[in-house]
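Spelled out from the first residue to the last, the chains are:
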Amino acid sequence: MSPRDEIPLLNGQDGDGSVQVHQDPEAKIEGAKVFSVYGKGGIGKSTTSSNLSAAFAAMGKRVLQIGCDPKHDSTFTLTGRLQPTVIDILKEVDFHPEELRPEDFVAVGWGGVKCVEAGGPPAGTGCGGYVVGQTVKLLKQHHMLEDTDVVIFDVLGDVVCGGFAAPLQHADRALIITANDFDSIYAMNRIIAAVQAKSVNYKVRLAGCVANRSKDTNEVDRYCEKVGFNRIAHMPDIDAIRRSRLKKKTLFEMDDEEDIVQCRAEYVRLAETLWNGTDPLAPAAMEDRDIFELLGFD
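Residue positions are counted from 1 within each chain, in the order its sequence is given. With pLDDT at 70 or above as the cut-off, local features in this predicted model cover only qualifying residues; side-chain atom pairs require 80 or more to be listed or tallied, and sums for whole chains, interfaces and linings still use all residues. Excluded from the side-chain calculation are hydrogens and water; included are all heavy atoms of the structure.

A look at the sheet that holds strand 7 (residues 205-212)
Quick reminder of the rule: The rule for pairing is simple: two strands pair if DSSP sees at least two bridges between them. The secondary structure listing takes helices from DSSP runs of H or I that are at least 4 residues long and strands from runs of E that are at least 2 residues long, numbered from the N terminus. Any two residues whose heavy atoms approach within 4.5 Å at even a single point are treated as in contact. Where helices are involved, their axes are fitted lines through C-alpha atoms of the stretch in contact, as for all axes, and angles between N-to-C directions lie from 0 to 180°.
Strand order in the open sheet formed by 8 strands is 3-4-2-5-1-6-7-8, with mixed pairing between adjacent strands. Edge positions in the open sheet fall to strand 3 (107-108) and strand 8 (231-235), since each of these has one partner strand only. This element, helix 1 (residues 45-58), spans strand 1 (33-39), strand 2 (63-68), strand 5 (150-155), strand 6 (173-178) and strand 7 of the sheet and lies at about 170° to strand 5. Each of strand 1, strand 6 and strand 7 is contacted by helix 6 (residues 182-198), which is oriented at about 170° to strand 6, the strand it contacts most.

Below, the structure written as structure tokens:
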């Protein structure tokens, strides 16, 4: 473990101007490699997370995927249906978790992947960070993390509040999903800044980015070279990925068409890269005006 990977002491701040509450030490996830997936809304985080979970399972790893979105659609391609959310289930028992059994909030999907939908507060109310905290606490109370090799948090949209940055308090590495366009890379730049703020007090570091649904990667690569970041995978814009969502399946359950086999291989390669460990990157996010000058058009 390098000095950069060591868990720093909390110093009372969580990024400039932050008023967040630090993670409860008892909620720490131990024994598993934890990855948090971020990116612009609609960029394909859930598709990536589910196929990445399936790839880890195909490697023989015990996987838990946690969806962190009120839409609770992160894991439906693994299970074939929408799962109820942890928050809704807790409401049914008046927030007495001791009344729940693991099967009440954990579904088993393709390859034995354990699937949990944390959900979120109703629009305009509450905090996503509370939801994430309650989900991890519930999983620990029911010993669901003790036989897990990989935990994947699939987090909604851009990082615009500390609540939805909460999975970064648990993660070893953050993975950013982007596309080869200005808006996606602009969102990635903001996410990099958020992860860097969290890395002051938590062990999370950036793993790299995935160019998703993109024929080319030239703009992503240009940005990465500028800030000191790495693209560690490329998923082309193929119709099979869209069809897999419609069929409520991961690519690992689809017929062995050539493009599907190639994408599966790329997801397995990505899983192997993450499992074997990535360098703890520390890119410097660009100022808004600078990123516009780099990628904007006349």
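Some words on the pattern of salt bridges
It is possible for side chains bearing opposite charge to pair when their charged atoms get close. Stated precisely, the cut-off is as follows: Salt-bridge detection follows one rule: a side-chain nitrogen of Lys or Arg within 4 Å of a carboxyl oxygen of Asp or Glu. For the exposure calls, accessible area comes from a 1.4 Å probe over protein chains only, and a residue counts as buried if that area is under 20% of its type's maximum, exposed if over 50%, partly exposed in between.
Using the criterion set out here, one finds 13 salt bridges in the structure. We note a salt bridge from Asp69 to Lys71, for which the minimum N-O separation is 2.7 Å. Judged by relative accessible area, which is 12%, Asp69 ranks as buried.

Some details on the pairing of strand 8
Stated precisely, the cut-off is as follows: Crossovers are marked right-handed if the path from the first strand over the helix to the second runs clockwise, as seen with the strands pointing away from the viewer.
Inspection of the sheet shows strand 7 paired to strand 8 by 4 bridges, in the parallel sense. Across the sheet, the residue bridging to Val210 is Ala233, located in strand 8. Handedness of the crossover is the feature at issue here: the chain leaves strand 7, passes through helix 7 (residues 218-227), returns alongside strand 8, and the resulting connection is right-handed.

Here's the deal with unusual backbone geometry
Residue Arg213 is not a glycine yet carries a positive backbone phi of 50°. As for its placement among the helices and strands, Arg213 is situated in the loop between strand 7 and helix 7. For Lys248, which is not a glycine, the phi torsion comes out positive at approximately 60°. Tracing the backbone through its elements, the reader meets Lys248 in the loop between helix 8 (239-246) and helix 9 (258-276).

Digging into the UniProt feature "binding site: ATP" (unreviewed entry) in the chain
For clarity, the cut-off: UniProt positions are given in the numbering used here, feature names are shortened, and annotations may be inferred rather than shown by experiment. The pocket and cavity definitions rest on a 1 Å grid over protein atoms only: a 1.4 Å probe that fits but cannot leave marks a cavity, an open set with protein on both sides within 12 Å along at least five of seven lines marks a pocket, and residues lining either have an atom within 4 Å of a point.
According to UniProt, the feature "binding site: ATP" (unreviewed entry) maps to Gly42, Ile43, Gly44, Lys45, Ser46, Thr47, Lys71, Asn212 and Arg213 in the numbering used here. For the second largest pocket, the lining residues drawn from the annotated set are Gly42, Ile43, Gly44, Lys45, Ser46, Thr47, Lys71, Asn212 and Arg213. The residue Gly42 is located in the loop between strand 1 and helix 1 in this model. Accessibility expressed as a relative area gives 39% for Arg213, which makes it partly exposed. Once residues lying within four places of it in the same chain are set aside, the contact partners of Arg213 are Gly42, Ile43, Gly44, Met235, Pro236 and Asp237.

A word on the confidence of the model for the chain
Going by this rule: What pLDDT reports is the predictor's confidence in each residue, on a scale of 0 through 100.
Averaged over the chain, the pLDDT score is 85; the fraction of residues at 70 or greater is 85%. Here residues 1-12 is modelled with pLDDT under 50, and outside its nearest four sequence neighbours on either side it reaches 27 contacts, counting other chains as well.

A closer look at the nonpolar core
Filter applied, for reference: Among the buried residues, those of types Ala, Val, Leu, Ile, Met, Phe, Trp, Tyr and Cys that are joined through side-chain atoms within 4.5 Å form a nonpolar core.
Counting 53 residues, the largest nonpolar core has Ile66, Leu139, Val151, Phe153, Tyr223 and Phe229 as its most contacted members. Apart from residues no more than four positions distant in its own chain, Phe153 is found in contact with Ile29, Val34, Phe35, Ser36, Val37, Ile66, Cys68, Val132, Val136, Pro167 and His170. Judged by nonpolar contacts, the second largest core, of 34 residues, contains Ala55, Leu78, Ala240 and Phe252.

Some words on helix 10 (residues 288-295)
Filter applied, for reference: What the arc covers is the set of directions going from the helix axis to the C-beta atoms.
Among all positions of helix 10, only Ile291, Leu294 and Leu295 are buried. All buried residues of helix 10 project into a common sector of 75° when viewed along the axis, lining one side. Along helix 10, exposed side chains directed more than 90 degrees from the buried face belong to Arg289 and Glu293. Of the surrounding secondary structure, the elements contacted by the buried residues of helix 10 are helix 6 and helix 7.

A closer look at the environment of Lys203
For clarity, the cut-off: Polar contact is the term for a pair of N or O atoms within 3.5 Å; when the atoms are in protein, one must be able to donate a hydrogen and the other to accept it, and sequence-neighboring residues count only if both atoms are side-chain atoms.
Mapped onto the elements of the fold, Lys203 is located in the loop between helix 6 and strand 7. Remark: the alpha-carbon pair of Lys203 and Asp172, spanning 31 residues in sequence, is separated by 6.0 Å. Reaching out from Lys203, the side chain makes a polar contact with the side chain of Asp172 at a distance of 3.1 Å.

Considering the layout of surface pockets
We apply this condition: Grid points are joined across faces, edges and corners, and a volume is the space filled by probe spheres set on the points.
Its volume calculated, the second largest pocket comes out at about 370 Å³. In terms of lining, the second largest pocket is formed by 21 residues, of which the most central are Gly42, Gly44, Lys45, Ser46 and Arg245.

A few points about the packing of helix 6 against helix 10
Which entries qualify depends on this criterion: Any angle from 65 to 115 degrees is called roughly perpendicular, while one under 35 is roughly parallel, one over 145 is roughly antiparallel, and all others are oblique. The sense of a crossing depends on the near helix, which, turned anticlockwise from the far helix by less than a right angle, makes the crossing left-handed and, turned clockwise, makes it right-handed. Side-chain classes follow a simple rule in which Ala, Val, Leu, Ile, Met, Phe, Trp, Tyr, Cys and Pro form the nonpolar group, Asp, Glu, Lys and Arg form the charged group, and the remainder, Gly included, forms the polar group.
Running from amino to carboxyl end, helix 6 crosses helix 10 at an angle of 150°, the nearest separation of the two axes being 11 Å. As far as their axial angle goes, helix 10 and helix 6 are roughly antiparallel. As for the relative orientation of helix 6 and helix 10, their crossing is right-handed in sense. Across from Phe182, Ile185, Tyr186 and Asn189 in helix 6, the residues of helix 10 making contact are Asp288, Ile291, Phe292 and Leu295. A breakdown of the residues in the contact of helix 6 with helix 10 according to their chemical character gives 6 nonpolar, 1 polar and 1 charged.

Here's the deal with the packing of aromatic side chains
Selection rule: Ring pairs are drawn from Phe, Tyr and Trp, using the six-membered ring of Trp, whenever the two centres fall within 6.5 Å, and their geometry is named by plane angle: stacked under 30 degrees, edge-to-face over 60, tilted for the rest.
For the structure on display, the rule yields 4 aromatic pairs. Here Phe182 and Phe292 contribute two aromatic rings whose centre-to-centre distance is 5.8 Å and whose plane-to-plane angle is 85°, an arrangement assigned as edge-to-face. Highlighted residues: Phe182 in helix 6 and Phe292 in helix 10, separated in sequence by 110 residues. On the basis of relative accessible area, Phe292 is assigned to the partly exposed category, the value being 44%. An aromatic cluster of three or more residues is present, and its members are Phe182, Tyr186 and Phe292.

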